[in-house]
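# Structural overview for review
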Amino acid sequence: MPAVLRLFRFFALGLALLPLARVVAAPTGDPVKIGFFMSLTGRDASFGEAALRGARLAVADLNASGGILGRPVELVVEDNRSLPGESATAAKKLLGRDKVVALVGECASSRTLEAAPLAQAAGVPLVTPASTNPRVTAVGDCIFRVCFADPFQGAVLATYAWKNLGLHRAALLVDSSASYSVGLADVFAKTFTALGGEVVASQKYAGGDKDFRAQLTAIRATHAEAIFLPSYYVEAGLSARQARELGLTATLLGGDGFEAPQLLEIGGEALEGAVYSTHYSAESADPVSRRFVASYTARYGSAPVGLGALTYDAVGLIADAASRAGSVERVALKQALAATRDFAGVTGRTGFDQNRDAQKAAAIIAVRGGRCVFVESVRP
Ligand code: PHE
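## Things to note about the packing of helix 6 (residues 150-164) against helix 7 (residues 179-194)
Their axes nearest at 8 Å, the elements helix 6 and helix 7 cross at an angle of 45°. As judged from the angle between their axes, helix 6 and helix 7 are oblique. In the packing of helix 6 onto helix 7, the handedness of the crossing is right-handed. For the pair formed by helix 6 and helix 7, the contact residues are D150, P151, Q153, G154, A155, L157, A158, T159, A161 and W162 on the first element and Y180, L184, V187, F188, T191 and F192 on the second. Of the residues that constitute the contact of helix 6 with helix 7, the class distribution is 11 nonpolar, 4 polar and 1 charged.

In structure tokens, the structure reads:
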């Protein structure tokens, strides 16, 4: 064979093998177990479902790219049925029975606050994708948060209501059984008052309530221009409907608890004109986010909500820390997580500050023409 031809065959073979070189070795050995606990059924099932989708996609992507330290990743899933007490039970099982290397959960702050002391006592890192109450990460040095916290979110909302919407008199309708609701209402009220606004009513209910007419009737008497609903989507939708039935025309305001595909199904037209804040927009132009939205949509048939994206990042942050630590041993993993400064997440660059909180922007969303429309992003 002429030398030229031999040379050509040599290069052709090299070219043909090139794609193979990029195929990573399949993970082998004992699985690295990550515990996941959420409200997969019950009142807040939409949250659990969105989070589980994000977590499963993250695990699939990790396993397709070599796993964690060459080992396969396994998600061990527990459902707390949206019930108080069940997140502690779930955390005990995952820590004791399954010996998970880290926990991912919960969304609702009250439920993360049940599990966090158990993770802290076991020395196992817990990464909450979406619990915004400041007390969550204050539990201890094993507790991390991927999203912004409510001192920021409440201030963003109050400022937006006062400055951008020109609202001066606000009423609050607070779920006294949820740490999220109580804490967020408090920050909103303080900021709104400091700006010169007036909080004319603060009415209470307990999570799971379906009839808000007594509280809304009391609010109607105050002629509030805005009603702040620091609620999750079911109560938000129901109270919005009842407010309109009672003739209240006030602008409805909410926080990240609004974000679920079911919000508009439950609240319908009553939510038209409502404004809320959240963590993420699937319309983001960021290339990392765009790739995620494409693979999420291909897998599940609809675009991700913020919770799906945040949970994808929670799992990714654990894997990133493990690879930097070269270990999934709990102390090494916790230290590597704490050292995370600039992780390229689908919800943006993520790092933990000295309180193990992430500083993230908030997205303002308005309900217009029966759709949730991205209005603007507010930086911390
Ligand atoms: N931030 C809410 C809480 O702390 C939970 C939540 C996050 C709900 C994101 C919906 C979307 O309880």
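Now that the structure has been shown, the text picks up again.
## Digging into the pairing of strand 1 (residues 32-38)
Summarising burial for strand 1: 6 of the 7 residues are buried, a large majority. In the sheet, strand 1 pairs with strand 2 (residues 73-79) via 7 bridges, with the strands oriented parallel. Residue pairing across strands places G35 opposite V76, the latter belonging to strand 2.

## A word on the domain arrangement of the protein chain
The assigned domain composition of the protein chain is domain 1 (32-148 + 284-361) and domain 2 (151-278). Distance between the C-alpha centres of domain 1 and domain 2: 28 Å. Across the contact, 20 residues belong to domain 1 and 21 residues belong to domain 2. Interface of domain 1 and domain 2: buried area, both sides summed, is about 1500 Å²; carbon and sulfur atoms make up 56% of it. Among the residues domain 1 hides against domain 2, the three largest losses belong to R43, F47 and F148. Together they make up 38% of the total. Summed over the shared surface of domain 1 and domain 2, the result is 1 salt bridge.

## Here we look at empty space enclosed by the protein
According to the stated counting rule, one finds 2 cavities of 30 Å³ or more in the structure shown. Reported here for the largest cavity is a volume of approximately 140 Å³. Together, 16 residues line the largest cavity, and C107, A130, D256, G257 and H279 are the ones closest to its centre. Residues that form the lining of the largest cavity fall into these classes: 7 nonpolar, 7 polar and 2 charged. There are two domains that each give the lining of the largest cavity at least three residues, and those are domain 1 (32-148 + 284-361) and domain 2 (151-278). Quantified by volume, the second largest cavity comes out at close to 30 Å³. Every residue lining the second largest cavity is listed: D175, A178, Y180, S181, Y205, P230, S231, Y232 and E235. Of the residues in the lining of the second largest cavity, the class split is 5 nonpolar, 2 polar and 2 charged.

## A closer look at the nonpolar core
Grouped together as the largest cluster of nonpolar side chains are 103 residues, with contacts concentrated most on I34, I68, F188, I219 and F292. For this core, the element with the most residues is helix 12 (residues 306-325), which contributes 11 residues. Viewed by domain, this core spans two of them, domain 1 (32-148 + 284-361) and domain 2 (151-278), each represented by three or more residues. Not counting the four nearest positions on each side in its chain, I34 is found in contact with I68, V73, E74, L75, V76, V100, V101, A102, V104, V315 and I318.

Rules behind the numbers
- Residues numbered from 1 in each chain as written.
- Predicted model: local features only at pLDDT ≥ 70, side-chain atom pairs only at ≥ 80, totals over all residues.
- Heavy atoms only, no water.
- Axes fitted to C-alpha atoms, helices over the stretch in contact; angles between N-to-C directions.
- Helix = DSSP H or I, 4+ residues; strand = E, 2+ residues; numbered from the N terminus.
- Parallel < 35°, antiparallel > 145°, perpendicular 65-115°, else oblique.
- Left-handed = near helix turned anticlockwise from the far one by under 90°.
- Contact = heavy atoms within 4.5 Å.
- Nonpolar A, V, L, I, M, F, W, Y, C, P; charged D, E, K, R; others polar.
- Buried < 20%, exposed > 50% of the residue type's maximum accessible area, 1.4 Å probe, protein only.
- Pairing = 2+ DSSP bridges.
- Domains from an automatic or database assignment.
- Buried area = accessible area lost by both parts, 1.4 Å probe.
- Salt bridge = Lys/Arg side-chain N within 4 Å of Asp/Glu carboxyl O.
- 1 Å grid on protein atoms, 1.4 Å probe; cavity = no way out; pocket = protein on both sides within 12 Å on 5 of 7 lines; lining within 4 Å.
- Points joined across faces, edges and corners; volume = space filled by probe spheres on them.
- Core = buried A, V, L, I, M, F, W, Y, C linked by side-chain atoms within 4.5 Å.

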